[in-house]
Amino acid sequence: MAVMVFHGDWLKNWEKGGKSEFVQLCRSLNENRGYNDVTFKDIQQALYELAWHVIKGNLKQEQAASALTDVMELRDDMSSILADVFCVLDIETSCMEEKSKRDHFTQLVLACLFLVSDTVLKERLDPETLESLGLVKQSQQFNQKSVKIKTKLFYKQQKFNLLREENEGYGKLFTELGQDLSGNLTSDLILENIKSLIGCFNLDPNRVLDIILEVYECRPEHDDFFVPLIESYMYMCELQTLCHILGFKFKFYQEPNGETPSSLYRVAAILLQNNLIELDDLYVHLLPLDANILEHHKREIVEAKQIARKLTLVVLSADKPDEKEKEKEKEEEKNEKPPDNQKLGLLEALLKIGDWYHAQCIMDQIPPFYATSHKSIALALCQLIHVITEPLYRRVGVPKGAKGAVIPSLRNERAPKPIETFEDLRKEVFSMLCYLGPHLWHDPILFAKVVRIGKAFMKEHASDGGKPDDKEKMESLVSCFLSIADQVLLPSLTLMDSNACMSEELWGMLKTFPYQYRYRLYGQWKNDTYSSHPLLVKVKAQTIDRAKYIMKRLTKENVKPSGRQIGKLSHSNPTILFDYILSQIQKYDNLITPVVDSLKYLTSLNYDVLAYCIIEALANPEKERMKHDDTTISTWLQSLASFCGAIFRKYPIELTGLLQYVANQLKAGKSFDLLILKEVVQKMAGIEITEEMTTEQLEAMTGGEQLKAEGGYFGQIRNTKKSSQRLKDALLDHDLALPLCLLMAQQRNGVIFQEGGEKHLKLVGKLYDQCHDTLVQFGGFLASNLSTEDYIKRVPSIDVLCNQFHTPHDAAFFLSRPMYAHHISSKYDELKKAEKGNKQQQKVHKYINACELVMAPVHDAVVSLHPPKVWDDISPQFYATFWSLSMYDLAVPSTSYDREVNKLKVQMKAIDDNQEMPLNKKKKEKERCTALQDKLQEEEKKQLEHAHRVLQRLKLEKDNWLLAKSTKNETITKFLQLCIFPRCIFSAIDAVYCAKFVELVHQLKTPNFSTLLCYDRVFSDIIYTVASCTENEASRYGRFLCSMLETVTRWHSDRTIYDKECGNYPGFLTILRASGFDGGNKADQLDYENFRHVVHKWHYKLTKASVHCLETGEYVHIRNILIVLTKVLPWYPKVLNLGQALERRVHKICQEEKEKRPDLYALAMGYSGQLKSRKPYMVPENEFHHKDPPARSATPATVQNGPGTVTQAAAATTNAAKAEEGTNEETDKLKEKSQSAIKVTNKAANATPKVTASNGSSAVNSNKITKEKEEKEKSGKEKDKEKKEKTTPAVPPEAKATAKDAKEKLKEERTNKDEKVRETKEKTPKADKDKEKEKIRKEEKTAKDDKSRLTSSCAEAKSHSEKEKEKEPSKEKDALKDAKSKESHSGTKGEKSAVAGSLKSPVPRSESSESDREQKRRKLDSHSSPSHSATVKDGLGDHKESSAKHHSPHHTNHSTGTQSKSKEREVEKKEVEKLRDRSREREKKEDKERKDRKRDHSNSDRENIQESKRRKDENGTGGSGKRSKSASPADSPRSNEKEKEKNKSSKSGSGKDRDKNDSIKLEKIEKSSTTSKKESRHDKGEKKEKREGGGLKEDKKHHKSSEKHR
C-alpha cells in the first residue's frame, strides 16, 4: 500500500478536530487529483487505515461509522471502495489468532451496513463472514447456490461445434471465406460477416478459427487477406487459442505413418513471422523431441565410423562382401523412410518464406549441421542466400560475358533485405553460410557465387589501402572469408563429386591469400574437418579405399588411366589422397616416377594442397630422420626429397612454403631437410652436385653456361628455363636467397658441434657434406640465374659477410665471387662504351682498370679477415685475387668445346640419315643443333678473350703478390693455409683451380714463390689432411692431388718440357736467398735428374702416408685414403714396387673388412681392381728416376749429369733448409759452403767426361760381367784420372779423409749410444727395463767387436787403394767424394732427403721444438733414399750387397783395380756370414722375450700393441731379417730373387705375418728413398722417433766400417 496518510494525533483529538481533519483529507484527495486510479488508491488507503485503527481498538465503531458517513458523500462509488477495504480486512483478520480483532472487524461492518448494500457485501466478503453478520443464513448453502449460478452462466451456452449440428451456419461461413477475394472485399468486412454468422447460428468461435486456418492452407496465395483476418479475429479470443489449435493440428499428423502437409508448415511459419504465435509455445507441440534428435545424430556418427572401419579392414574370405552388400541394402531401406520430423518441416517453411530469425532459433536447438544435412533444408537455405546476395553478385561477381539467371527477391517484407556492399555480408550471409556448413555442396551455383564474391573482395582489398578504420573493417572481412573457406567451402568441395570446375573456381579466391593462410586452411581441412560430420567421415574412408585401389595398380605402363583416376579423386579430397600417396612413396621409392607422371590431371588447388601435404609429411614429428644404425639418413626422407624435386620441376607449384620450411629448419639447427633443397635445385635448375664427375665433365664445368649444360652433367636436363625462373622468383619475392645461403654456411660449420656428440661420425660427415654440397649448388644457381643488380643488391660485402654474419671465409668468397665477376664485366662494358678502341691492348687496359675499380674495396675489406701478421707474407691483393678468380678465368677447355661441337655434328648427320622423321621435325632439330653449335663456338671465343685479359692482369699484379717479409717457407705456409687447403676441398672445380693456380703462379715467375717448396709441402705428409676430411672433401682433395701430380708428372716425363717450363724459373731455386733475389746462378736451379729424384721421394711419401692410414684401422682414415687413392690413380702409383706395397695393404683391408664394414670393403675392392688394371703402366724404380738398372746385359747405363750431380742437389737443398730454419749467420755460412761445394762440383763435372757406371749390385750378383769390364775400365779410368790431376789443385787426400772419418765416427758413436738409451727407455715397459739394458750392453759389445774386425780385415785393401788414390784428385775431389759417401750412406739418424731438407709439412710449426707430426715424419724419413744415389738399395738385402752398393759410386769414378775389389769382397763376405749367425741367435732370444712380454701385457691398449709389433719387426729384422728378405719397394724384382731364395729359412723362422712384413717393407722403402748429410742428421738425431729399431743401428755400424774401409 501507499505511505501512511492517517496521523496519530487525530485519534487523540478525534472529537475535537481529528474527525474533521480526516474528512478534509479525503475531500482534498478526491478534489485535487480527479477521477483516476491514483485517487482511488489513496482514498482506499485512508479508509483502510481508519478501519484498522478500529480493529486495533484505538477508535470506537460508532466514531468511525460517523466519519465514514461524512466521506460517503464525496464519490458515487465510495460504497464499492469501502466494500473492497472490508474484503481485504476480512481476509487479514480471518488469518489472525486474536479473536478480539476479528470481533472489532465484525462490529465495524455491522455499524456500516447502512453505508454498503447487502448485494455488494455478498459479492466480496467470505461466506462465513456473511453468516456471522447475519446477511446469509448458512454459508454452505450460499456456496452451492453460487456454483450453480456460475455453471448456468458460463457452461450452459448454446453453441454448435460441428457442421452436422449447424450445417447452414458453417455452410455460409465457407461461402464467405471461399469467395473470390480479388474484388473490393477486405478482411474487416468478412470479419463482420463471420461475427454475424457466429451470433446468428451460435457457431463455436474456436471451430470458426480452425476453419479459417484450413481455408488459408488451401489458399496460400492470399497471405495479404488471411493474415489480417486472423490478426483481427484474435482480438475476440484468448492469446493461446491460436497456438493450441495449431498444436492440435500437428498432433493429428503424429501417427506412425502420418505425414504433415507442407501447407500446414507454411501457415505456421507465416503466423510465426507475423508474431501471431510464439515459437516456444508451438515448439512443444512438435515431434520428435530434442533429446531424440541428439541421440539420432550420435547414432549416425557411430554408424559412419563403423562403415569407415569396415572399409579399411582387409577382406580375407569370399563371404564377407555379400554380407556387406546386405547391410548396405538394409541401410538404404532405412534411409528410404525417414521418420516425419515436424521441427525440420517447420524450419524449411520458415527458410522458404525468409523468416531467418525463427529458423536460426530452431537450428540452435538441435545439433550443428543436423538440420542442413537434410537436402530440402539445405536447398531452402541456399535459395535464401541466393536471394540476399543477388544484387552484390550482379555488381561484383558476374564474369565478363556471362548473364546468369536473375533471382527474384522475396515479396515478404519481413524477410532479410538484399545486400549491396561487402560490409552487409557480415549481417546475415556469413552466419547463414556457417549454419549451412559442408552442405553447400548441394548447390554448386551458390558455391561459385560465394567464391566469386570473395575473389572480388580480395582483389579490392589488395588494391585499396584505405583509412585505418576501413583497414580494420577490411581485415575483419578477410578473416570472415577465411572462416567461410575453412567451415563451408573446403568441406563442401569434399562432398562434391569430382567437380574440377569448382576446384579451379575456389583456387581463384584462395590464391589471393598468402601461403601461410592457405596452408592453415589445408591443415584444418585435412586434420579437423573430416571428423565434424558423419557424411565426411564416410567420404574420407571411401577416398582412402579408392586411393588404395588405384595405387595398387599404378605402374609405368598404365600411368595415363591411373592418372585420370587419381585426378578425378583429387578434385574433391586432395588432402586425404595425397596423404596416402606420400605414405606409399616413403615406403616404395620406385613409385616416384609413375606418381609424378600420373599427377598431370590435377587442378591448381590440388597442386597447392600437394605442396602443403609434402611439407606436413616432412615435418612429421613421429618419424625418425635417421635409420636405426644412426649413420645414414632415413630412406623415407630421401624418397620425399626426390619426389619434391621431380614434382616441383614438372608442375607449376608454389615453392615459397617449402623453401621457408627449409630455412626454418636451418634456423633450428637441423640440416637433414637440406636434402630437399638439394633435390629441388638439381631438378628445377639442372645444377647437379656429384663427386663422381668424370674428367670430361669436370673440364666442361670450367667453361661457359652452355658448355656446362651440354657436357657438365650426367643427365642432360633440358627445358629448365621455366622451372629455374619459378625458383628464382620464389626466392627473390620472399627474400629467401641470401638467408638460405648464410644459414647453410653457418650450419655447415655448426653441424659438427650440434650433431657431433650424439651421432655417428659417418652421419655427421654426411650431414656436413650435404650442407656444403647444397650451399655450392644453391650458390651456383644464384650466380647463374640472378642479374647483376639483384646479386649486388642482396649480397653484402665480404667483411660484412664474415664479421657480421659469421660466414666462413670460403663460403663468403664463394657467394661474392659471381658478384665480382658480374661487377667487373659491367664496368668493363661501361669503359668500352665510353672510349671506343678496338685494339686488343686497349681492351686489356680497360679490363685492368675495371678490375682495379671493383677489387680495390675488396682488398681493403679482406684485411680485417686475418691478423696483421698474415699480410707480412702475402698481400691482400694476392689473397683477394686467389679467392675471386675461378677456373673460367684461368683456362679455356677447348677440347670440351670441340667434343660437344662434334657431338652436335654427329646428331645432325643422324637426323639427315633418319628416313622416318618428318621433314618439319627434321628441320626443327637441325636448326636447334645449329643454333647450339653457334652458341658454343661463340662462348669459346668469348672465354678465350676473357682468359687472355685475366692473364695480362695477373702478369701486372704478380710483383706485388708475395711480400715475404719473413721467409719463403712462411710465405708458402700462409699460402697453403689460407688459400689452397680451404679452397681445394670446397668443390671439384675449386680443387682443379687450386692446382692450376699454383702452376700459373709458377709460370708467371712470381717473385718469392718457391714452387718446389709448395709441391713438397703438399705431397710430403697427407695423413692429417686426409684424416680430417669428410667423404666428399676427401674426393675433392684427391682431385686436387691428382691435378698437382699431373703437372709434376708432365715435368717428370721429359727433360725438354722440364727445361722449358721449370729450368730457369725462380720457383725451382734450391738456395733460398734473401727475399727479392731469385735470379742469377744457374747452379741454384734444381736440374732435371734431381727433380726426378724429388718426384720419386714424393711418390714414396704418398705411399708411406697411404699405408699408414690403411693400417690405423680407423674408419675415416681408411675410407678417405681409399677415396684419395682412387682419385689420383691416373698419376699414382707410377713406380712398380710402391704399387705392389699398396696392393698388399689394400688386399689385407679387403680381407679384414669384408664382414665388419661392407662400405670399406666395397671401396677397397673397387680400388684394388682399378690398381691391378693400372699395373701394366707402372715402371721399375730405375726407370722412374736415374738409378742404375740390375746388370742384365754387358751394356752399362750412362750417367747423365756427371759425378757431381747428386752432391750438388744435396748440398744446395740442405742449405735451403738451413736458410729457412737457422739464424742469419748460419744462413750466410751455409751459403758460402754450398757455393764452394757447387763450384767444386761444377769444376769436377765440367772436367770429367761422361763415364759408364756399373751398379753396386752387379759387383756382387754378376762376377763374370765385372771381370770382363774391369780390364776395359782400368785403362780408360786411369786416363781420366791423369786429366783430372791436371785440372784440379793437388791436396793430400789422406788428411781430409782421416779427419772426416774421425768426425763421423765420434758423431755416430755418440748418437748411437744416446738413441739406444732413449729408445730402450721409451720402448721397454717397466717390467722389462733391466732385461733391455743388458741386451743393449751386449749389442754394444758385439758392435764394437764387429767394428774392430771389419777395420782390421779391411786395412790391407785400404792401404792398397790408398796407394792407387795418391795419384788421383786433390783436396776438392776428396771433399766431393766424402760428401757423396755421406749422402749415399745416410741410413743412420737423419732428416729428409736432399730437397726435403728445405721442405716442411703444410702445417706450421715452431722452430724451437718439433711437433709430434714432425717427429713422425723425421722418423719415417730417416732412412737412406735411392732418390739421390743409386748406391743404397734396401736393408733387407744382403749386407755384402749393401756394402758393395756403398762403394759403387767410388768404384765407378775412382777405380782401384780388380785385385783390391776382390779382396774387399772376400773380407766382406766373411764378415757378413758372421753377422748373420749372430743376428739369428739374437732374434731367437728376442722372440722368447717377446712372448713373455705378451703374456704380461695382454691387457694393454691398442697403441702399445701396435708399438710392440713395430719394435718386434724392427728388432727382429735388424741383423739377419734385413738381409734375409728383399721386400723393399725400392728393389727391382729381378735383383732380389736370389736373396729371397737364400733367406727362406730365416723368413719362416721369424714367423711374421704379412702385416708385419708390410710395415717393415714400408720402412725399407723409406730407407731407400731419402738421403741427406750426416752432419744435419746428427744435429737433429736427438729428436728422432722412438720406433727406430736395432736393425737400423746394425746398419749404422756397417756404414761406419765401410767408410773406414774406404
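Treat the numbers as computed from the prediction; the structure is a model and nothing was measured.

## Focus: the overall build of the chain
Thinking step 1. In terms of helices and strands, the chain carries 74 helices and two strands.
Thinking step 2. Counting every position in the chain, which comprises 1606 residues, the buried fraction comes to 55%.
Thinking step 3. For the chain, the proportion of contacts with a sequence separation of at least 24, taken over those separated by at least 6, is 79%.
Thinking step 4. For the chain, the exposed area adds up to about 74200 Å²; of that, 51% sits on carbon and sulfur atoms.

## Topic: the pattern of salt bridges
Thinking step 1. Following the criterion strictly, the structure yields 46 salt bridges and no others.
Thinking step 2. Between Glu214 and Lys249 there is a salt bridge; the shortest N-O distance is 2.5 Å. Placement of the pair is Glu214 in helix H12 (residues 205-218) and Lys249 in helix H14 (residues 239-252), with a sequence separation of 35 residues.
Thinking step 3. Note on Glu214: relative accessible area 38%, which makes it partly exposed.
Thinking step 4. With a shortest N-O distance of 3.9 Å, Glu217 and Lys249 are connected by a salt bridge. Of this pair, Glu217 sits in helix H12 while Lys249 sits in helix H14, and the two are 32 residues apart along the sequence.
Thinking step 5. Here Glu217 falls in the buried class, since its relative accessible area comes to 11%.
Thinking step 6. Where salt bridges share partners, they join Arg207, Asp210, Glu214, Glu217 and Lys249 into one cluster.

## Focus: the packing of helix H5 (residues 78-94) against helix H6 (residues 99-111)
Thinking step 1. Packing of H5 against H6 brings their axes to within 9 Å, and their N-to-C directions diverge by 160°. Classified by the angle between their axes, H5 and H6 sit roughly antiparallel to one another. Judged by the twist between their axes, the crossing of H5 over H6 is left-handed. Note on element contacts: H6 touches H5 through Lys101, Arg102, Phe105, Leu108 and Val109, opposite Phe86, Leu89, Asp90, Thr93 and Ser94.

## Brief notes about the nonpolar core
Thinking step 1. With 321 residues, the main nonpolar core has Leu346, Leu510, Phe643, Leu740 and Phe1040 as its most contacted residues.
Thinking step 2. Take this core: its biggest share by element is twelve residues, from helix H24 (residues 468-495).
Thinking step 3. Setting aside residues no more than four positions away along its own chain, Phe1040 makes contact with Ile980, Cys984, Ala991, Cys994, Ala995 and Val1018.
Thinking step 4. Leu11, Leu47, Leu68 and Val136 belong to the second-largest nonpolar core, a separate cluster that totals 46 residues.

## Things to note about a positive patch on the surface
Thinking step 1. A cluster of basic side chains, namely Arg546, Lys552, Arg553 and Lys568, defines a positive patch on the protein surface.
Thinking step 2. The element contributing the most residues to the positive patch is helix H27 (residues 534-553), with three residues.
Thinking step 3. Position of Lys568 among the secondary structure elements: in helix H28 (residues 559-570).

## With respect to the side chain of His859
Thinking step 1. Note that His859 resides in helix H43 (residues 840-862).
Thinking step 2. For His859, a relative accessible area of 17% translates into the label buried.
Thinking step 3. With residues up to four places along the chain from it excluded, the contact list for His859 reads Pro876, Gln877 and Ala880.

## Considerations on the confidence of the model for the chain
Thinking step 1. Residues of the chain with pLDDT of at least 70 account for 70%, and the chain-wide mean is 74.
Thinking step 2. Scored below 50 in pLDDT, residues 1072-1080 shows 19 contacts in the model against residues more than four places distant or in partner chains.
Thinking step 3. Low confidence marks residues 1512-1606, where pLDDT is under 50. Its contacts with residues over four positions away, or in another chain, come to 315 contacts.

## Observations regarding the packing of helix H50 (residues 1011-1020) against helix H54 (residues 1088-1112)
Thinking step 1. Running from N to C, H50 and H54 point in directions that differ by 25°, and their axes come no closer than 9 Å. The pairing of H50 with H54 is recorded here as roughly parallel in orientation. On H54, the residues touching Leu1012, Tyr1015, Asp1016, Phe1019 and Ser1020 of H50 are Lys1097, Trp1098, Lys1101 and Leu1102.

## Describing a nonpolar patch on the surface
Thinking step 1. The grouping of Ile149, Leu153, Phe154 and Tyr155 at the surface amounts to a nonpolar patch, some 520 Å² of accessible area in total.
Thinking step 2. Tracing the chain through its elements places Leu153 in helix H9 (residues 139-154).

## Topic: the environment of Leu602
Thinking step 1. Position of Leu602 among the secondary structure elements: in the loop between helix H30 (592-598) and helix H31 (604-618).
Thinking step 2. The exposure class of Leu602 is buried, given its relative accessible area of 10%.
Thinking step 3. The sequence separation of Leu602 and His571 amounts to 31 residues, and the corresponding C-alpha distance is 7.2 Å.
Thinking step 4. Excluding anything up to four places from it in sequence, Leu602 contacts Gly567, Ser570, Phe578 and Tyr607.

## So, H6
Thinking step 1. The first and last C-alpha atoms of H6 sit 18 Å apart over 13 residues, in line with the 18 Å expected at 1.5 Å per residue.
Thinking step 2. All of the buried residues along H6 are Lys101, Phe105, Thr106, Leu108 and Val109. Axial view of H6: buried residues confined to an arc of 160°, hence all on one face.

## Quick notes on the packing of aromatic side chains
Thinking step 1. This structure, assessed with the given rule, holds 44 aromatic pairs.
Thinking step 2. Ring plane angle 45° and centroid distance 5.9 Å describe the contact between Phe878 and Phe997, whose orientation is recorded as tilted. Here Phe878, found in helix H44 (residues 876-884), pairs with Phe997, found in helix H49 (residues 988-1003); they are 119 residues apart in sequence, far enough to count as distant. For the pair formed by Phe878 and Phe997, the shared burial category is buried.

## Quick word on unusual backbone geometry
Thinking step 1. Cis geometry marks the peptide bond from Leu287 to Pro288; its omega dihedral reads 0°.
Thinking step 2. Take Pro288: it is sitting in the loop between helix H16 (279-283) and helix H17 (290-312).
Thinking step 3. Even without glycine at this site, Asn1008 takes up a positive phi of about 65°.
Thinking step 4. Residue placement: Asn1008 occurs in the loop between H49 and H50.
Thinking step 5. The exposure class assigned to Asn1008 is buried, which follows from its relative accessible area of 6%.

## Topic: the environment of Leu163
Thinking step 1. Topologically, Leu163 is positioned in the loop between H9 and helix H10 (167-178).
Thinking step 2. Each C-alpha atom, one on Leu163 and one on Arg207, is 9.8 Å from the other, the two residues being 44 residues apart in sequence.
Thinking step 3. Every residue in contact with Leu163, bar those within four places of it in the chain, is listed here: Tyr170 and Gly171.

## Some points on the state of the cysteines
Thinking step 1. Counted by the stated rule, this structure contains zero disulfides.
Thinking step 2. Looking at Cys480, it has no disulfide partner, and the nearest cysteine sulfur is the one in Cys434, 8.3 Å off.
Thinking step 3. Given the relative accessible area of 23%, Cys480 is considered partly exposed.

## Some details on H17
Thinking step 1. With 23 residues, H17 should reach 33 Å at 1.5 Å per residue; the first-to-last C-alpha distance of 34 Å fits that figure.
Thinking step 2. Among the residues of H17, those classed as buried are Ile293, His297, Ala304 and Ala308.
Thinking step 3. Elements in contact with the buried residues of H17: helix H19 (342-353) and H27.

## Considerations on the side chain of Ser1106
Thinking step 1. Position of Ser1106 among the secondary structure elements: in helix H54.
Thinking step 2. Ser1106 sits in the buried class, given a relative accessible area of 1%.
Thinking step 3. From its side chain, Ser1106 meets the backbone oxygen of Leu1102 in a polar contact 2.6 Å long.
Thinking step 4. With residues near it in sequence (within four places) discarded, Ser1106 still touches Ile1121, Leu1125, Tyr1132 and Leu1142.

Reading the values: rules and limits
Residues numbered from 1 in each chain as written. Predicted model: local features only at pLDDT ≥ 70, side-chain atom pairs only at ≥ 80, totals over all residues. Heavy atoms only, no water. Helix = DSSP H or I, 4+ residues; strand = E, 2+ residues; numbered from the N terminus. Buried < 20%, exposed > 50% of the residue type's maximum accessible area, 1.4 Å probe, protein only. Contact = heavy atoms within 4.5 Å. Areas by Shrake-Rupley, 256 points an atom, 1.4 Å probe, with all protein chains shown as cover. Salt bridge = Lys/Arg side-chain N within 4 Å of Asp/Glu carboxyl O. Axes fitted to C-alpha atoms, helices over the stretch in contact; angles between N-to-C directions. Parallel < 35°, antiparallel > 145°, perpendicular 65-115°, else oblique. Left-handed = near helix turned anticlockwise from the far one by under 90°. Core = buried A, V, L, I, M, F, W, Y, C linked by side-chain atoms within 4.5 Å. Patch = residues over 30% accessible without salt bridge, like charges linked within 9 Å, V, L, I, M, F, W, Y side chains within 5 Å. Lys, Arg positive; Asp, Glu negative; His and termini not counted. Charge placed at Lys NZ, Arg CZ, Asp CG, Glu CD. pLDDT = per-residue confidence, 0-100. Expected span 1.5 Å × (residues − 1). Arc of directions from axis to C-beta. Phe/Tyr/Trp six-rings, centres within 6.5 Å; stacked < 30°, edge-to-face > 60°. Disulfide = S-S within 2.5 Å. Polar contact = N/O pair within 3.5 Å; in protein donor to acceptor, adjacent residues only side chain to side chain.

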